[in-house]
Amino acid sequence: MGDDDTTRLWLVERTYDDKGLISLVYATTDGDAVRRIERAPIAVEQSGGVTAAVDADPAALAPVEETSLQERYAMEARRMAEQHDPAETV
């Protein structure tokens, strides 16, 4: 886990929207909470890419209400945590 006042989230979804932005969804390993980030491709490129994990303030997280989505996010977050270092570019 990150600092005492942050929660570690793992990348579970990457999509491209109709405005050409990259939409990233990071979730907790239990799938209960997410943080959505939209970034321009150039910003992703300039920052060195998308990392496997981010640390976020728990207050900035959105709850995941749908059970099937919680399960999918939890499974993918755990897989990412097992296979990647948090700062690894994915």
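Residues numbered from 1 in each chain as written. Predicted model: local features only at pLDDT ≥ 70, side-chain atom pairs only at ≥ 80, totals over all residues. Heavy atoms only, no water.

### Quick word on the overall build of the chain
When helices and strands are counted, the chain shows two helices and five strands. Tracing the chain from N to C terminus, the helices and strands come up as β-β-β-α-β-β-α. Dimensions of the chain along its principal axes, counting C-alpha atoms only, are 30 × 30 × 25 Å. Per-residue burial for the chain yields a buried fraction of 36% across its 90 residues. Counting contacts in the chain only where the partners sit at least 6 residues apart, residues at least 24 apart contribute 61% of the total. For the chain, the exposed area adds up to about 5,500 Å²; of that, 47% sits on carbon and sulfur atoms. Within the chain, one finds 9 positive and 19 negative side-chain charges whose respective centroids are separated by 4 Å. (Helix = DSSP H or I, 4+ residues; strand = E, 2+ residues; numbered from the N terminus. Buried < 20%, exposed > 50% of the residue type's maximum accessible area, 1.4 Å probe, protein only. Contact = heavy atoms within 4.5 Å. Areas by Shrake-Rupley, 256 points an atom, 1.4 Å probe, with all protein chains shown as cover. Lys, Arg positive; Asp, Glu negative; His and termini not counted. Charge placed at Lys NZ, Arg CZ, Asp CG, Glu CD.)

### Quick notes on the pattern of salt bridges
Summed over the entire model, instances satisfying the criterion amount to three salt bridges. We note a salt bridge from Asp55 to Arg8, for which the minimum N-O separation is 2.9 Å. Within this pair, whereas Asp55 is found in strand 4 (residues 53–56), its partner Arg8 is found in strand 1 (residues 7–16), the two being separated by 47 residues in sequence. The shortest N-O distance in the salt bridge between Arg79 and Glu76 comes to 2.6 Å. (Salt bridge = Lys/Arg side-chain N within 4 Å of Asp/Glu carboxyl O.)

### Considerations on the environment of Met80
Structurally, the position occupied by Met80 is in helix 2 (residues 67–83). For Met80, a relative accessible area of 5% gives the class buried. Sequence separation between Met80 and Thr29 is 51 residues, and the spatial gap between their C-alpha atoms is 9.2 Å. Beyond its immediate chain neighbours, meaning those up to four positions away, Met80 contacts Trp10, Leu11, Ala52 and Val90.

### Some thoughts on helix 2
When the terminal C-alpha atoms of helix 2 are compared, their 24 Å separation across 17 residues agrees well with the 24 Å that a helix rising 1.5 Å per residue should span. Taken together, the buried positions of helix 2 are occupied by Gln70, Tyr73, Ala74, Ala77 and Met80. On an axial view of helix 2, the arc spanned by its buried residues comes to 135°, and they lie on one face. Turned more than 90 degrees off the buried face of helix 2, the exposed positions are Glu71, Met75 and Glu82. Turning to helix 2, the residues buried within the fold contact strand 1, strand 2 (22–27) and strand 3 (33–39). (Expected span 1.5 Å × (residues − 1). Arc of directions from axis to C-beta.)

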